[in-house]
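An overview of the molecular structure
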Amino acid sequence: MPWYALAVSTRIQLRRDAGKVGPTHGPWIRTRQVARILGVPDPGELAAVEDRHGEVLGWGLVSERSSITVRMLQWGAEPPPPQWLSQRLTRAFEARQHLGLQAQPTTGMRMVNSEGDGLPGLVIDRYDTQLVVQIATAPMAARRHELMKELRTRFDGPVHVVRPESAAKTEGFEPGIEREGEHGPLCFVEHGLRLSVPAPPSQKTGAYFDQRANRREVARLAAHAEGPLLDLGCHVGGFALHAAAAGVPAVGVDRSASMLERAAAHATMNHLPGLQWVEADMFGVLDDPRLAGPFGTIVVDPPKIAARRRDVDRAAEAMQRMVARVAARLRVGGHLVLCSCSHHVGSEHLDRFVLASPGSFTRVALRGADLDHPIAPGHIEGEYLRVAIYQRRT
Ligand SMILES: C[S@@+](CC[C@H](N)C(=O)[O-])C[C@H]1O[C@@H](n2cnc3c(N)ncnc32)[C@H](O)[C@@H]1O
């Protein structure tokens, strides 16, 4: 018997009817797939996952309180080495050197994307000289001191560690924010634009890096359209600022006055003319005269509208009404960019929204998050961002 079979303190035995389990079926083992837990589950330890005959299928991190009981780290009988956290952080950090983002130039990027980097429950975003670490699972919360030590060997700027309330509640750890080092707003450069977002607590870790490549691609298309760009859910100005940098006037809409203030400051800092900012509810009537159009490009980037599957119908109805309202303001030949960051609202829903809208549309592109947001093959839940670009034909 190998040493690790003797040393393991927690074994998770799967049910006879656990269904498909293995590398091609994603890294999550759900509570309904588990027959029994042998030993006292400890989020600080690795657990062996076994089939009903006691054969080890792989190794993972246990969250006893969550509906995802195990997040797998490695398949096969052999466990990951004791220094797996350090090794995976090194690989994730090194991988970002080879994406070409720095050359864009861009200094704000995701350094660790949870399962996509083999580090479930951990997101690390770099804002130039600062890091924001987001911990979303009990096993990562249990390793936070080890994690900080590891980060300190790789990074000497300020670090913010966020343990969000919502994750803390479902996983059973203490929520909170800790900071190491001097800090202020999170400043960074994206495609040469100087930007900043508030330090945590804020939306996501501060910025929406996932949309970075889409902001550039949409600005490129907008430069070939007739008319301004409408950016619904503009946050700190992302799509609108990129359009203005490409010479296209734009109107940004958000319901957060403080984010719009920041967007306006970004326009000034980057010497970008032709931008207007409107505080409004994107699901409302949108009767401000600045939103009347016609527009050459319209981006609809709402917040997560359906966190659970049962929210989808209600959310889809609201989205459909809103898309129909704004699609009528798009010129023929222009592009409508529909985004969903809800895993349960996929491209088939986005297609339905345009099919129910005035005019006729064809889909010209279906995109996801930028390169610094890798997804573990087979982990369909990791694919949360869908961006469908449609062209209006009549
Ligand atoms: C997914 S983020 C958009 C990210 C942004 N487009 C970017 O590229 O960085 C969603 C944005 O919608 C805003 N928001 C949420 N609900 C809204 C509503 N009902 N009306 C307008 N804006 C809303 C949020 O404040 C947030 O800035």
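Basis of the calculations
- Residues numbered from 1 in each chain as written.
- Predicted model: local features only at pLDDT ≥ 70, side-chain atom pairs only at ≥ 80, totals over all residues.
- Heavy atoms only, no water.
- Pairing = 2+ DSSP bridges.
- Helix = DSSP H or I, 4+ residues; strand = E, 2+ residues; numbered from the N terminus.
- Axes fitted to C-alpha atoms, helices over the stretch in contact; angles between N-to-C directions.
- Buried < 20%, exposed > 50% of the residue type's maximum accessible area, 1.4 Å probe, protein only.
- Lys, Arg positive; Asp, Glu negative; His and termini not counted.
- Salt bridge = Lys/Arg side-chain N within 4 Å of Asp/Glu carboxyl O.
- Polar contact = N/O pair within 3.5 Å; in protein donor to acceptor, adjacent residues only side chain to side chain.
- Contact = heavy atoms within 4.5 Å.
- Core = buried A, V, L, I, M, F, W, Y, C linked by side-chain atoms within 4.5 Å.

**What about the sheet that holds strand β3 (residues 34–38)?**
Strand order in the open sheet made by the six strands is β2-β6-β5-β4-β1-β3, with mixed pairing throughout. The sheet is open, and its two borders are formed by β2 (28–30) and β3, each paired with just one other strand. In this sheet, neighbouring strand axes are inclined to one another by 35° on average, regardless of whether the strands run parallel or antiparallel. Looking at chain direction, strand β1 (residues 10–14) and strand β4 (residues 46–50) are connected through four bridges and run parallel. Across the sheet, isoleucine 12 pairs through a bridge with valine 49, a residue of β4.

**Describing the side chain of arginine 329**
Among the secondary structure elements, arginine 329 is positioned in the loop between α9 (312–327) and β18 (330–340). Despite its burial, arginine 329 pairs with no opposite charge; the closest candidate is aspartate 287, at 7.8 Å N-O. Engagement of the side chain of arginine 329 in a polar contact is seen with the backbone oxygen of valine 285, the distance being 3.4 Å. Not counting the four nearest positions on each side in its chain, arginine 329 is found in contact with Val285, Leu286, Leu291, Ala292, Gly293, Pro294, Phe295 and Ile298.

**Some points on the pairing of strand β7 (residues 108–113)**
Extensive coverage of β7 is indicated by the burial of six of its six residues. Direction of pairing for β7 relative to strand β8 (residues 122–127): antiparallel, over a ladder of five bridges. Among the inter-strand pairings, asparagine 113 is bridged to a residue of β8, identified as valine 123.

**Remarks on the nonpolar core**
Judged by nonpolar contacts, the single largest core of 38 residues is most densely connected at Tyr127, Leu229, Leu241, Leu275 and Trp277. For this core, the secondary-structure elements that each account for two or more residues are β12 (186–190), β13 (193–197), α6 (212–222), α7 (238–245), α8 (257–269), β16 (275–279), β18 and β20 (386–392). At five residues, α7 tops the list of elements feeding residues into this core.

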